[in-house]
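Summary of structural features
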Amino acid sequence: MKYSYFPGCSLKGLGRAYEESLLPVMEHLGVELQELDDWNCCGATAYMAVDEVKACVLAARNLALAEKSGLNQVMAPCAACYLVLNKAKHYFHDFPAMKATMDRALDAVGLHYSGDTPVRHPLDILLNDIGIEAIKQKVEKPLKGLKVATYYGCQIVRPYATFDDPYNPTTMDRLMEALGATVVHYPLKTKCCGGSLTGTLPDAGLRLVYILLCEAKKRGADCIATVCPLCQFNLDGYHAQLESKYGDVMLPTVYFTQLMGLAFGLPEKRLGLNRAAVPFKWRPSDAAPAPAPVTA
Amino acid sequence: MVKSMTPSPAAGQETVPTRASDKPNVQRPGEDCLPVMKMRPTIKYEADRVRGFGREIMAVPGCEQLQSCIQCGTCSGVCPLSIYMDHTPRQVMALTRADFKNEVLRSRTIWLCASCYACTVECPQKIRITDIMYELKQRAILEGIYPKRFPIPILAYDFSEMVKKNGRITEMILVIKLFLKTSWLAALGNWRLGIDLMRTGRFSLKTERIRQHGDIARMMDAIDGKKGS
Ligand code: SF4
Ligand code: SF4
Ligand code: SF4
Ligand code: SF4
C-alpha cells in the first residue's frame, strides 16, 4: 500500500510528535508513504477568514501535486488540513465559478487538478484499508489497563466525514480496543476545543479546553487520545493557566499514533513522547505484563 | 439581568448601594472594553439596514441556502461559543438575511466562531452556517471593521501574508508576531507555555519555505486578475 503524504505545517512544527509517531507506525504496518513534493500550507482556517477562494486555490495546488505524483490518494493527518483539502475538492465539484478560478490559478503555474484524488485521514486508512485484524496482529505489548478518552474534535468528522459518524464516531475507539486499551465513555468526543481561540480569546477558548479535560478526568481516563495537532496543543499546553483559573485538571494528551507505537513495541525514542508538556508516563509493562513472548 | 435594571450613574440618577455580590458578574468575558452601562437598542429599525447586503452574502458559493432559514435556533443551541456571543448564530442568520450589515459585521459573534461545523451538520435547512460566518469575517476584515489590536483578524492577516511569501507557516514566528502586535501582557501570561515549548523541542524559528515559493504569488495574481475585471 502506498499513499502520498501531506504533512502540513503543524506536523513539521508544534505537532512534530504526531509525525514522529505516525511514520514508524505506518512503516511497521507495511504502508509506504511518499511525502508530497514541495507541498504548501493548505490554507486552513485562518486563511479561510481572509479569502476563501485563495484558501481553496492553495489547497488545490497540493491536490494537483498529488495527482502529478501518480499516487492517487493523499493522507492528511492534521484535522484542519484534512478538512480544507476536502473542502477545496467539494467546492471544485459543487461550484463551477470556483472550479474556473482554481483551473486558472493552477494553469498559471503549470499544474492541473482533475478533481479525483481522495483525501484521507490516517484513521480512515488504518481501519478501512489496513483493517483492525492486521493491526491486532502487530500488537506486542497490549495496553492492558490503560483507560483512554478518545477525542476526535470537530474537523475530521464535520462536515465532510466520509468514514465515520459525525455524531458518534467510533473508528478510534475500535482502534484503541484493538490495542488492548479500555475506552472510557466520553460524550464530548466531538465537541470543539476552541481551535485558536485559546490564544486569541483565552476567556472563551480556555473554558472549552477546561470542560474537555474535566470531563475526561471525571470519566476516569488516564489520558486523552487525539487526532489533530491543534487539539493536542490546546489540551496539553495550557495547564498553568487552567490551574490558576479553574483548578487542577492535569491529564496527558497523546496522539493515537503514539499509543499505537507503544502497543507495537516500537522504541519509545521514535514516538515523540517527550514532546508533550504534560508527560505521559504510563507504559504497557507498568500495568500488566504482556503475554510472555515465545522466545527460545 | 442585574445589568439592565441597575440605573446608570452617568444618567444623573442616584446610585443604588449595591451589595458586593452584585458587582463582579456584571462584566462578561471579553467585555472589559465596553462601558457596562451603555444603553443600546435591542430592536433594529428599517433605517439601520444596508440594502442588498443579505443578497450579496447569499450570492457567495455555499451561502445560498440562508434564504431558507426557519429561525429554529438549532444552531444557537449546539454552538459551544454562543454563551459568549452578543448575537447568537440564529440572530446573525436573521440579521444578515435582513440586511443589517453593521450589526452583523460589528458583532463579536463572527470572531468567536471557531469553525467547528456543529451548527452546519445540525441545521435542518442545510444552511452552511460556518461558511457564512467565514464570509462575514472576510467582509469585516475587508472593510476594516474590528477593534484595534484585536488578535483574530491580525492572526488571519499575518497567516495569509506568510503563506503568500513562503508557501508555508512557521508557527512560532506567527505566534510571536501576534503577541507583539496585540499585547505584551498576553505574551507574559503565556511565559510558561514558551518554556514548555523550548523544553520539549518544539520552539522553532527556522523559516519554512517551499522551493517554488514564487508559484504561490503567481496563483494569487491569477485570481486577482479575474477579480479586478
Ligand atoms: S492547516 Fe495548519 S497544519 Fe495544516 S497546512 Fe495549514 S497551517 Fe499547516
Ligand atoms: S477540535 Fe479544536 S483543534 Fe481540533 S479541529 Fe476542532 S477546533 Fe480544531
Ligand atoms: S439551525 Fe439553520 S434553520 Fe435553524 S436557525 Fe440556525 S440557520 Fe436557521
Ligand atoms: S461553527 Fe461557529 S457558529 Fe457554528 S457552532 Fe461552531 S462556533 Fe458556533
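Just so it is clear, the structure is predicted and the values come from calculations on it, not from any experiment.

**Focus on the overall build of chain B**
Summing up its helical and strand segments, chain B has 13 helices and 0 strands in all. Element order for chain B, N to C, with α for helix and β for strand: α-α-α-α-α-α-α-α-α-α-α-α-α. Sequence separation of 24 or more characterises 66% of the internal contacts of chain B that already satisfy a separation of 6 or more. Summed over its atoms, the accessible surface of chain B is roughly 12,800 Å², and 58% of this surface lies on carbon and sulfur atoms.

**Quick word on the interface of chain B and chain A**
Facing 65 residues of chain B, the contacting portion of chain A comprises 65 residues. Here chain B meets chain A over a buried area of about 5,700 Å², counting both sides, of which 62% is carbon and sulfur. Considering only the side of chain B, the residues that lose the most area to chain A are Glu-171, Arg-202 and Met-219 of chain B, jointly responsible for 12% of the buried surface there. The tally of links from chain B across to chain A stands at 5 salt bridges. The partner of Asp-215 of chain B in a salt bridge is Arg-61 of chain A, with the nearest N and O atoms 3.9 Å apart. Here chain B and chain A share 13 residue pairs in polar contact (both at pLDDT 80 or more) between them. Counting residues per element, the ones that place at least two in the side of chain B that touches chain A are α6 (109-112), α7 (118-122), α8 (129-142), α9 (151-166), α10 (171-181), α12 (191-199) and α13 (213-228) of chain B.

**Side note on the side chain of Thr-190 of chain A**
Residue and element names in this part refer to chain A. Looking at the element boundaries, Thr-190 is found in the loop between β6 (182-183) and α10 (197-200). When its relative accessible area of 12% is taken as the criterion, Thr-190 is described as buried. Those residues in contact with Thr-190, other than ones at most four positions away along the chain, are Gly-153, Cys-154, Val-157, Arg-158, Pro-166, Tyr-167 and Pro-169.

**Observations concerning the sheet that holds strand β1 (residues 2-5) of chain A**
All names here are of chain A. The parallel open sheet is built from 4 strands, whose spatial order is β2-β1-β3-β4. Edge positions in the sheet fall to β2 (32-35) and β4 (119-120), since each has one partner strand and no second. Of the strand pairs in this sheet, strand β3 (residues 74-75) and β4 are connected by 2 bridges, and their pairing is parallel. Counterpart to Met-75 in the pairing with β4 is Arg-120.

**Points about the pattern of salt bridges**
Enumeration over the complete set of coordinates arrives at 27 salt bridges over all chains. With its nearest N and O atoms 3.2 Å apart, the salt bridge here joins Lys-54 of chain A to Asp-224 of chain B. With Lys-54 of chain A in helix α4 (residues 52-69) and Asp-224 of chain B in helix α13, the pair connects residues from two separate chains. Accessibility expressed as a relative area gives 10% for Lys-54 of chain A, which makes it buried. Its relative accessible area of 34% is what places Asp-224 of chain B among the partly exposed residues. Between Asp-129 of chain A and Arg-120 of chain A there is a salt bridge, with its nearest N and O atoms 2.6 Å apart. With a relative accessible area of 28%, Asp-129 of chain A lands in the partly exposed category. The network of salt bridges with shared partners includes Asp-38 and Arg-61 of chain A together with Asp-215 and Arg-218 of chain B.

What counts as what
- Residues numbered from 1 in each chain as written.
- Chains lettered and ligands numbered in written order.
- Predicted model: local features only at pLDDT ≥ 70, side-chain atom pairs only at ≥ 80, totals over all residues.
- Heavy atoms only, no water.
- Helix = DSSP H or I, 4+ residues; strand = E, 2+ residues; numbered from the N terminus.
- Contact = heavy atoms within 4.5 Å.
- Areas by Shrake-Rupley, 256 points an atom, 1.4 Å probe, with all protein chains shown as cover.
- Buried area = accessible area lost by both parts, 1.4 Å probe.
- Salt bridge = Lys/Arg side-chain N within 4 Å of Asp/Glu carboxyl O.
- Polar contact = N/O pair within 3.5 Å; in protein donor to acceptor, adjacent residues only side chain to side chain.
- Buried < 20%, exposed > 50% of the residue type's maximum accessible area, 1.4 Å probe, protein only.
- Pairing = 2+ DSSP bridges.

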